[in-house]
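Here is how the chains run, residue by residue.
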Amino acid sequence: HVQLVESGGGSVQAGGSLRLSCAASGDTYSSRWMGWFRQAPGKEREGVAGINTRGGTTLYGNSVKGRFTISRDNAKNTVYLQMNSLKPEDTAMYYCAAAYSLRYGPLRPDEYNYWGQGTQVTVS
């Protein structure tokens, strides 16, 4: 079992930046793939970014390409999401997720086994 705790959310003006962190504990062997997702009120959960174990493979949602960067520090069991040039449409609850393996790709919520509680990002 993997426990995930997100942090770093907050309120920021459009054009600003935030860095989210997701600390994993427990059976971190099961977190070979890590992803960030977001969900705004009334909308479906959207894949933002995913990264594999060694960080050599990353994938981004079209709406965040070129603005967001996912990275991981395996020594700290932590995954980061650097968010730059934030827009009001980036406002959402952001969730971290972990999976041992994927069948279809790192941006599908149904691929992940473990989820954090989320951290709110508000861009005005």
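These figures come from a predicted structure and were not determined experimentally. (Residues numbered from 1 in each chain as written. Predicted model: local features only at pLDDT ≥ 70, side-chain atom pairs only at ≥ 80, totals over all residues. Heavy atoms only, no water.)

*Asks:* I tried to follow the nonpolar core on my own but got confused; where do I start?
*Replies:* In globular proteins that are soluble, nonpolar side chains generally tend to be buried together. Grouped together as the largest cluster of nonpolar side chains are 28 residues, with contacts concentrated most on Leu4, Trp36, Leu81, Met83 and Tyr94. Those elements that place two or more of their residues in this core are strand E1 (2-7), strand E3 (18-26), strand E4 (33-39), strand E5 (46-51), strand E7 (68-73), strand E8 (78-83), strand E9 (92-99) and strand E11 (119-123). If near-sequence neighbours (up to four positions away) are discounted, Leu81 is found in contact with Leu18, Arg19, Leu20, Trp36, Val48, Ala49, Phe68, Thr69, Ile70 and Tyr94. Listed in part, the five residues of the second largest apolar core include Phe37, Ala97, Ala99 and Tyr112. (Core = buried A, V, L, I, M, F, W, Y, C linked by side-chain atoms within 4.5 Å. Buried < 20%, exposed > 50% of the residue type's maximum accessible area, 1.4 Å probe, protein only. Helix = DSSP H or I, 4+ residues; strand = E, 2+ residues; numbered from the N terminus. Contact = heavy atoms within 4.5 Å.)

*Asks:* Looking at this model, I keep getting lost on unusual backbone geometry. Mind explaining?
*Replies:* What you tend to see is this: most non-glycine residues have negative phi, and most peptide bonds are trans. Notably, Asn77 is not glycine yet its phi reads approximately 50 degrees, a positive angle. Taking the relative accessible area as the measure of exposure, Asn77 reaches 34% and is therefore partly exposed. Positive phi outside glycine occurs at Ser85, with the angle close to 50 degrees. Relative to the helices and strands, Ser85 resides in the loop between E8 and E9.

*Asks:* What should I look at first to understand the environment of Trp115 in this one?
*Replies:* Relative to the elements of secondary structure, Trp115 occurs in strand E10 (residues 114-115). Taking the C-alpha atoms as reference points, Trp115 and Gln3, separated by 112 residues in sequence, lie 7.6 Å from one another. Not counting chain neighbours up to four residues away, the residues in contact with Trp115 comprise Leu4, Phe37, Arg45, Tyr95, Cys96, Ala97 and Pro109.

*Asks:* Explain the sheet that holds E1 to me, please; I cannot follow it from the model alone.
*Replies:* Across a sheet, strands are paired by hydrogen bonds formed along the backbone, either parallel or antiparallel in direction. Overall, antiparallel pairing links the four strands, which are arranged E1-E3-E8-E7 in an open sheet. Two strands in the sheet have a free side with no partner beyond their single neighbour: E1 and E7. The mean inter-strand angle of the sheet, taken between neighbouring strand axes irrespective of direction, is 15 degrees. Sheet topology places E1 next to E3; six bridges connect them, and they run antiparallel. Residue pairing across strands places Val2 opposite Gly26, the latter belonging to E3. (Pairing = 2+ DSSP bridges. Axes fitted to C-alpha atoms, helices over the stretch in contact; angles between N-to-C directions.)

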